[in-house]
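# Structural characterization, general
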Amino acid sequence: MSRTRKQSASRQAGRPQPRGAPAGDAVGAGPPRESQDGRESPGGRVRSLDKRAAPGAPSDRFKEAARSQFDDWAVWYDRTILNELVFFPSIRACQEELARWKLGRTPAPYRVLDVGCGTGSLLALLSRDPAAESLVGLDFSREMLRGAAGKFALLPASERLFAVNGDAERLPFVDGAFDFLTCCNSFHHYPHQQRALCEFRRVLRPGGRLVLIDGFRDNLLGYVIFEIGVKLAERHIRHARAAELRAMLRNAGFASVTQRKLNVLAPLLVNVAAA
Ligand SMILES: C[S@@+](CC[C@H](N)C(=O)[O-])C[C@H]1O[C@@H](n2cnc3c(N)ncnc32)[C@H](O)[C@@H]1O
């Protein structure tokens, strides 16, 4: 962890901040990031984001539960059996969707945002493509982000990888900053899911692509796993039904929404949509 540098404010994918929103904080894996005003600010502190919502609000408790759960989980997250069952299949699905999206466009550099990136495994893999000019992982849990930053620092592409501490419902990026946005196994932790989707849509440029993967709860097995098992274990979560998610995606302004089921034993729902 000594390699990990804490720096104030992210590089914001190379762009200035929108709407005066507070910047997400970067847990650095590469060179010093630029601050909001474009100057480098090495050695800054990772600021708390707790002040953003009214203290004690139910959604605060919802988010705090997720944050503390993942802060505790971070050390052994990459070694859990859930990697085989859930996380690796999600990563593969995102890679496939990215390849499909790239096929349909003129080759050009692109920018990726992974919301709820956890320990950064997906972005670490996606960084092998030199056309991915900037890969930003955002997460609410600083300990998960430290895992991501540690991983990023060891990679040849570390200059293009960024770990940003922030909230999925209030993304610290300008409109249209990204071409490809992924969100895997994190969405059920968001108390305001429609708001998060509107944020996803906002930070994607027109023609950009969203891949959103989360537990599929619409069959018996999925219901037992996610609505009973996971809910008992994690409490403050909500897995939306497929139809509900489709409607939320359209409300957020996404088009060409497709959904498919992935996995048998731990069923997941893969949502792909165009911005
Ligand atoms: C199960 S992990 C998934 C990590 C990674 N996407 C994967 O598939 O392996 C869920 C992640 O979502 C993050 N998370 C939960 N609520 C969040 C929020 N409101 N904003 C950003 N990240 C959040 C957690 O901190 C955690 O790292």
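The subject of this paragraph is the overall build of the chain. Helices and strands together make up the secondary structure of the chain, namely seven helices and nine strands. Looking at the chain as a whole, 46% of its 275 residues are labelled buried. Sequence-distant contacts in the chain: of pairs separated by 6 or more residues, those separated by 24 or more amount to 70%.

Our next topic: the pairing of strand β9 (residues 268-274). Among the seven residues of β9, six are classified as buried, and the element is accordingly described as predominantly covered. Pairing between strand β7 (residues 204-215) and β9: seven bridges, direction antiparallel. The partner of valine 211 across the bridge, within β9, is valine 272. As paired strands, strand β8 (residues 255-262) and β9 are joined by six bridges and run antiparallel to one another.

Looking now at the site of the ligand. Neighbouring the ligand are 21 residues; Gly116, Gly118, Ser141, Ala168 and Ser186 lie closest to it. When residues of the shell around the ligand are traced back to their parent elements, those giving at least two are α1 (58-73), α2 (82-103) and β4 (132-139). The greatest single-element share of the shell around the ligand, amounting to three residues, is contributed by α1. In terms of residue class, the shell around the ligand is built from ten nonpolar, seven polar and four charged.

Moving on to the pairing of strand β6 (residues 178-184). Burial analysis of β6 places seven of its seven residues in the buried class, the great majority of the element. For strand β3 (residues 110-115) and β6, the ladder comprises four bridges, and the chain directions are parallel. Each bridged residue has a counterpart across the sheet, and for aspartate 114 the counterpart in β6 is threonine 182. By the bridge criterion, six bridges tie β6 to β7 in an arrangement that is parallel. Looking across to β7, one finds that cysteine 183 is bridged to leucine 212. Between β6 and its parallel partner β7, the chain crosses via helix α5 (residues 193-203), and the hand of that crossover is right-handed.

Bringing the nonpolar core into the picture now. Of all hydrophobic cores here, the largest spans 65 residues; its most connected members are Val112, Leu181, Phe200, Val203 and Leu210. Sort the elements by how many residues they give to this core and α2 lands first, with six residues. For leucine 210, the contacting residues outside a window of four places in its chain are Leu181, Phe200, Leu204, Phe254, Val272, Ala273 and Ala275.

Here the phi dihedral of asparagine 185 falls at roughly 55°; this positive angle occurs in a residue that is not glycine. Here asparagine 185 is to be found in the loop between β6 and α5. In this structure, serine 256 is a non-glycine residue whose phi angle is positive, near 45°. Looking at where serine 256 falls in the secondary structure, it is placed in strand β8. Residue class for serine 256 comes out exposed when judged on the 10 C-beta atoms lying within 10 Å of it.

Here we come to the environment of phenylalanine 88. Its place among the elements puts phenylalanine 88 in helix α2. Considering only alpha carbons, one finds phenylalanine 88 and serine 121, 33 residues apart in sequence, at a separation of 9.0 Å.

Another aspect to go through is the confidence of the model for the chain. Averaged over every residue, the pLDDT of the chain is 82; residues scoring 70 or more account for 80%. Every residue in residues 1-24 is under pLDDT 50, and counting partners more than four places away or in other chains gives 80 contacts. Every residue in residues 26-55 scores below 50 in pLDDT, and together they form 74 contacts with partners more than four places removed in sequence or on other chains.

Calculation criteria
- Residues numbered from 1 in each chain as written.
- Predicted model: local features only at pLDDT ≥ 70, side-chain atom pairs only at ≥ 80, totals over all residues.
- Helix = DSSP H or I, 4+ residues; strand = E, 2+ residues; numbered from the N terminus.
- Buried ≥ 20, exposed ≤ 12 C-beta atoms within 10 Å, placed from the backbone.
- Contact = placed C-beta atoms within 7 Å.
- Pairing = 2+ DSSP bridges.
- Near = placed C-beta within 6 Å.
- Nonpolar A, V, L, I, M, F, W, Y, C, P; charged D, E, K, R; others polar.
- Right-handed = clockwise from strand over helix to strand, strands pointing away.
- Core = buried A, V, L, I, M, F, W, Y, C linked by C-beta atoms within 7 Å.
- pLDDT = per-residue confidence, 0-100.

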